[in-house]
Amino acid sequence: MRVLFYTGKGGVGKSVISAATALKLAQRGYRTLFISTEPAYALSTQFETDVQSVPTQIAAQLWALQIDPLREIQANYQRIHDYVLALFRVEELDEQLVYAFASLPLTSELIALLKLVEFGDAHAYDAVVLDTLPSGESLRNVYLPALLGSNAATLIKLTAPFAAVAKVAEPIIGIPTPDRQVLDEDIKLLETLRNVKRIIHDREHTSLRVIATPDTASIQSMKRTFLLAQLYGINVDLAIMNGVMPDELLQSCSAVWSAEQERNQAELAAAIRPVPLKRLELVPPPIRGLASLSSIGEALFGSEDPAQIYYTGEPVKVRTTEAGLELLVPLPSASNCAARCEVERVGEDLSVVMATELGEVRNFVALPARARAMRLVKAKLVEDGLRISFINP
């Protein structure tokens, strides 16, 4: 199953471009599912069809799904949600705040990722297009199993038989304890998150495509997303500059505008190199309906297959040295900004935190088995990425 994420700063046209890509895939014969976290009314307006929280057929070979987090929680994670509600109610918070806090971990973005596992297991679609990459906060939820350790699910399974005993202690400790059903849902969620991580790291099937417009704020946002994706090991195969003013329009504008657009395009191309950059000219609104989306897909891809992998970056490299072992985490864009990096061991993983002029990004990097017995001695940002050194004990 081909998986395409589209992301970008608000207003860059990611919803339109991702929908146009989905339609183009369907026109080429792929059974395609378009998943959106946009409000239902926005998605329905875009396709001029009432889109539901279950796959809704839009055209031949094309279905769309609007993520409804409350419905998903009720259907799949109600026991976990109820238990978190009980924990917050102990603090005697306002009921509206209780519901808001209890729903925070299961955002629309994270649920969209969890749905990927469901549709991948069903083998119902050839391609899935998601109109947004989850934020760094939601992506960190995907790495929850790494944070808890590789034996977290096993530990929960071992403690589950004692859930009934813990219930007896509730009046003493003063807080609710999870029952067996809650622990079972915890195990299921952890296993699903592991499968999500496997999908987003699959460079042969999954790609992220980043979108910007020719303005400084949008380009800065794309740079940060690009760096975040590299740190999380997500393959960025294509960048799109949307809203490029055509030459005939630029001729009627100030020369300053023309120079700034050229400068911004050159800056973006340099920041993401060697990822290819496509340019999409400004399209006057309104953009709605299959005809409009089809024309955008044609302008963007022409005779190309949107499912192709335009670029495949390097995964984490492992090299044996005389003293021990060296890991290289490819971060080509890191050399374009001043950055401070901190690395520490967390169980069988490395916690990597980078503070840059684009903001802070962080992730967990799995340690190779032979490095687990070694000592971490140095981490340094170099031209081609983050170099982490280990020595034999």
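Below, the structure is looked at part by part. On a predicted model such as this, the values are computed, not experimentally measured, just so you know. (Residues numbered from 1 in each chain as written. Predicted model: local features only at pLDDT ≥ 70, side-chain atom pairs only at ≥ 80, totals over all residues. Heavy atoms only, no water.)

So, on to the overall build of the chain. Of the regular secondary structure elements, the chain holds 16 helices and 15 strands. For the chain, the residues scored as buried account for 47% of the 393 residues in total. Partitioning the contacts of the chain with sequence separation of at least 6, the portion at a separation of at least 24 is 70%. Accessible surface for the chain amounts to roughly 18,600 Å². Of this, 54% is attributable to carbon and sulfur atoms. (Helix = DSSP H or I, 4+ residues; strand = E, 2+ residues; numbered from the N terminus. Buried < 20%, exposed > 50% of the residue type's maximum accessible area, 1.4 Å probe, protein only. Contact = heavy atoms within 4.5 Å. Areas by Shrake-Rupley, 256 points an atom, 1.4 Å probe, with all protein chains shown as cover.)

For the rest of this paragraph, the subject is helix 13 (residues 216–231). The end-to-end C-alpha separation of helix 13 is 23 Å, in line with the 22 Å expected for 16 residues at 1.5 Å each. Of the positions making up helix 13, those classed as buried are Ser218, Ile219, Met222, Lys223, Thr225, Phe226, Leu227, Leu228, Ala229, Gln230 and Leu231. Of the residues that open helix 13, the one with a side-chain oxygen 3.3 Å from the backbone nitrogen of Ala217 is Asp215. Gly233, located one to two residues past helix 13, shows a positive phi value of around 75°. (Expected span 1.5 Å × (residues − 1). Polar contact = N/O pair within 3.5 Å; in protein donor to acceptor, adjacent residues only side chain to side chain.)

Our focus in this paragraph is the pairing of strand 3 (residues 56–59). Bridge count for strand 3 against strand 4 (residues 62–66) is three bridges, and the pairing is antiparallel. Pairing of Thr56 across the sheet is with Ala64, part of strand 4. Here strand 3 folds back onto strand 4 in antiparallel fashion, the turn holding two residues, of which Gln61 has a positive phi close to 70°. (Pairing = 2+ DSSP bridges.)

Our next topic: the sheet that holds strand 6 (residues 206–212). Strand-to-strand pairing in sheets goes through backbone hydrogen bonds, with the strands running parallel or antiparallel. Sheet architecture is open: eight strands sit in the order 3-4-2-5-1-6-7-8, paired in mixed fashion. Among the strands making up the open sheet, the edge pair consists of strand 3 and strand 8 (277–281). Within this sheet the neighbouring strands show an average axis-to-axis angle of 25°, counted without direction. Strand direction decides the pairing type here: strand 1 (residues 2–8) and strand 6, joined by six bridges, are parallel. By the bridge assignment, Gly8 is partnered in strand 6 with Ile211. Sitting on the sheet, helix 16 (residues 290–301) touches strand 1, strand 3, strand 6, strand 7 (236–244) and strand 8, and the angle it makes with strand 8 is about 140°. (Axes fitted to C-alpha atoms, helices over the stretch in contact; angles between N-to-C directions.)

Now for the environment of Gly233. Inspection of the secondary structure puts Gly233 in the loop between helix 13 and strand 7. Separated by 96 residues in sequence, Gly233 and Val329 place their C-alpha atoms 8.6 Å apart. Sequence-distant contacts of Gly233, that is, excluding residues within four places in its chain, are made with Ile200, His201 and Arg203.

The next point concerns the side chain of Arg209. In this structure, Arg209 sits in strand 6. Within the local environment of Arg209, its side chain forms a polar contact with the side chain of Tyr6, the two groups lying 3.2 Å apart. Aside from chain neighbours lying at most four places away, what touches Arg209 is Arg2, Leu4, Phe5, Tyr6, Thr7, Thr21, Asp237, Leu238, Phe301, Pro306, Gln308 and Tyr310.

Moving on, we come to the pairing of strand 9 (residues 317–320). As paired elements, strand 9 and strand 10 (residues 324–330) share four bridges and run antiparallel to each other. Bridging from a neighbouring strand, Val318 pairs with Leu327 of strand 10. Linking strand 9 to strand 10, which pair antiparallel, is a turn of three residues.

Let us look at the packing of helix 1 (residues 14–27) against helix 16. Relative orientation of the contacting elements helix 1 and helix 16 amounts to 85°, with a least axis distance of 8 Å. The angle between the axes of helix 1 and helix 16 places the two elements in the roughly perpendicular class. Across the interface between the two elements, Val16, Ile17, Ala19, Ala20, Thr21, Leu23, Lys24 and Gln27 of helix 1 pack against Leu290, Leu293, Ser294, Ile296, Gly297, Glu298, Leu300 and Phe301 of helix 16. Considering only residue class, the contact of helix 1 with helix 16 consists of 10 nonpolar, four polar and two charged. (Parallel < 35°, antiparallel > 145°, perpendicular 65-115°, else oblique. Nonpolar A, V, L, I, M, F, W, Y, C, P; charged D, E, K, R; others polar.)

On to the packing of aromatic side chains. Enumeration over the complete set of coordinates arrives at three aromatic pairs. An angle of 65° between the planes, with centres 5.7 Å apart, marks the rings of Trp63 and Tyr125 as edge-to-face. Of this pair, Trp63 sits in strand 4 while Tyr125 sits in the loop between helix 6 (108–122) and strand 5 (127–130); the two residues are 62 residues apart in sequence, bridging distant segments of the chain. With relative accessibility at 10%, the residue Tyr125 sits in the buried group. Grouped by ring-pair contacts, the aromatic residues Trp63, Phe119 and Tyr125 constitute a single cluster. (Phe/Tyr/Trp six-rings, centres within 6.5 Å; stacked < 30°, edge-to-face > 60°.)

Below, the discussion takes up the sheet that holds strand 9. Read from one edge to the other, the open sheet built from four strands follows the order 9-10-15-14, with strand pairing classed as antiparallel. The open sheet is flanked by strand 9 and strand 14 (375–382), the only strands paired with a single partner. Pairwise comparison of adjacent strand axes, ignoring direction, gives a mean angle of 20° for this sheet.

Checked against the element boundaries, Thr320 lands in strand 9. For the pair formed by Thr320 and Ser389, sequence separation is 69 residues and the distance between their alpha carbons is 9.9 Å. Excluding anything up to four places from it in sequence, Thr320 contacts Leu325 and Arg370.

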